[in-house]
Amino acid sequence: MSELIAVTGATGRIGRRVTDHLVKAGARVRALGRDRAKLDRLPTDDIRTASYDDTGAMRSALEGAATLFLVSAHEGPGRVRTHAGAVDAAVAAGVRRIVYLSYLNAAPHATFTYARDHWHTEQHIRSTGVAFTFLRDSSYQADLVAMTGADGVLRGPAGDGRVGAVTHDDIADAAGTVLLGEGHDAATYDMTGPEALSFAEIAAALTRASGRTVTYHPETRDEAYASRSVYDAPDWEVEGWVTSYEAVAAGEMDDVSDDVRTLTGHPPQSFADFLATHPHSYRHLLR
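Residues numbered from 1 in each chain as written. Predicted model: local features only at pLDDT ≥ 70, side-chain atom pairs only at ≥ 80, totals over all residues. Heavy atoms only, no water.

A.B. asks: Let's hear about the pattern of salt bridges: which residues, and what values?
C.D. replies: Evaluation of the coordinates by the stated rule reveals 14 salt bridges. Note that Glu219 and Arg228 form a salt bridge whose closest N and O atoms lie 2.8 Å from each other. Linked through salt bridges whose partners overlap, the residues forming this network are Arg30, Asp46 and Arg48. (Salt bridge = Lys/Arg side-chain N within 4 Å of Asp/Glu carboxyl O.)

What follows is the structure, encoded as structure tokens:
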């Protein structure tokens, strides 16, 4: 009997795709999430409801699993502590390998504040002594589209920086290879698209795809905070939004890696191809 692979965040954008990939490959998969109704719609009968914040439930849900695919929790000021609790629960349950969905250029002093959380989580996983693999995502191509306002303006303090954004599908394919394969222990893979684009180039690609003129407005930091004040979000969240652009301006997101191709056997999807195959992603620009 094959070893059991547990997938957290199994109803989310990455977790759902990874679950589908593993089931199609004939793997034994246990899907974890917080919404039972959504879990019931997944293609596996082995489902467990558990929240990262409930270490007892996490440990129980992970009993018998050999490998854990750990999707990062929702952003928040206590996210590192939440991740650590989930990791500790996995170790206590007997999990022998953790594949963690991290972030490109995660570092303790990264410009993007959320990338710091990922670095601290990586360090905690290392400290447990279990086998691990880190998949460090670049920005998601779908999120670049979503960042564009309904007014056709892409705003942010990204300057002339570039970003090698990647698709959710490519991440899921790469994760499936790692979860089903061997030889990935202690490896860190950078998950990027095939090219690094400036925000002006991203706006131009959206213009070509949608037929509507999309422009890029390179905000100052003050402008960025002011334009996002209308959302009445907590300070830590607004800082995360703004620093995600500033990381691009700082040159921390322009990496282009061949790791997706190495793991999956196919090239990562370009932004132009993503737009061509996902016209629903920019529907808000057509209104």
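Having seen the model, we can carry on.
A.B. asks: Can you explain the nonpolar core? Please cite residues and give values.
C.D. replies: Val18, Leu62, Phe69, Ile98 and Leu135 are the most contacted members of the largest nonpolar core, which has 54 residues in total. Per-element accounting of this core gives the leading share, 6 residues, to helix 7 (residues 168-180). Sequence-distant contacts of Leu135, defined by excluding residues within four places in its chain, comprise Phe69, Val99, Tyr100, Leu101, Ser102, Tyr103, Ala175, Val178, Tyr189 and Met191. (Core = buried A, V, L, I, M, F, W, Y, C linked by side-chain atoms within 4.5 Å. Buried < 20%, exposed > 50% of the residue type's maximum accessible area, 1.4 Å probe, protein only. Helix = DSSP H or I, 4+ residues; strand = E, 2+ residues; numbered from the N terminus. Contact = heavy atoms within 4.5 Å.)

A.B. asks: How would you summarise the sheet that holds strand 6 (residues 131-137) if you had to cite specific residues and measurements?
C.D. replies: Strand order in this open sheet of 7 strands is 3-2-1-4-5-6-9, and the pairing throughout is parallel. Since the sheet does not close on itself, it has two edges, and those belong to strand 3 (47-49) and strand 9 (187-191), each with one partner. The average angle at which neighbouring strand axes cross in this sheet is 20 degrees, direction not considered. Alignment of strand 4 (residues 67-70) against strand 5 (residues 97-103), held across 4 bridges, turns out to be parallel. Looking across to strand 5, one finds that Thr67 is bridged to Arg97. Together, strand 1 (4-7), strand 4, strand 5, strand 6 and strand 9 form the strand contacts of helix 7, whose direction differs from that of strand 5 by roughly 160 degrees. (Pairing = 2+ DSSP bridges. Axes fitted to C-alpha atoms, helices over the stretch in contact; angles between N-to-C directions.)

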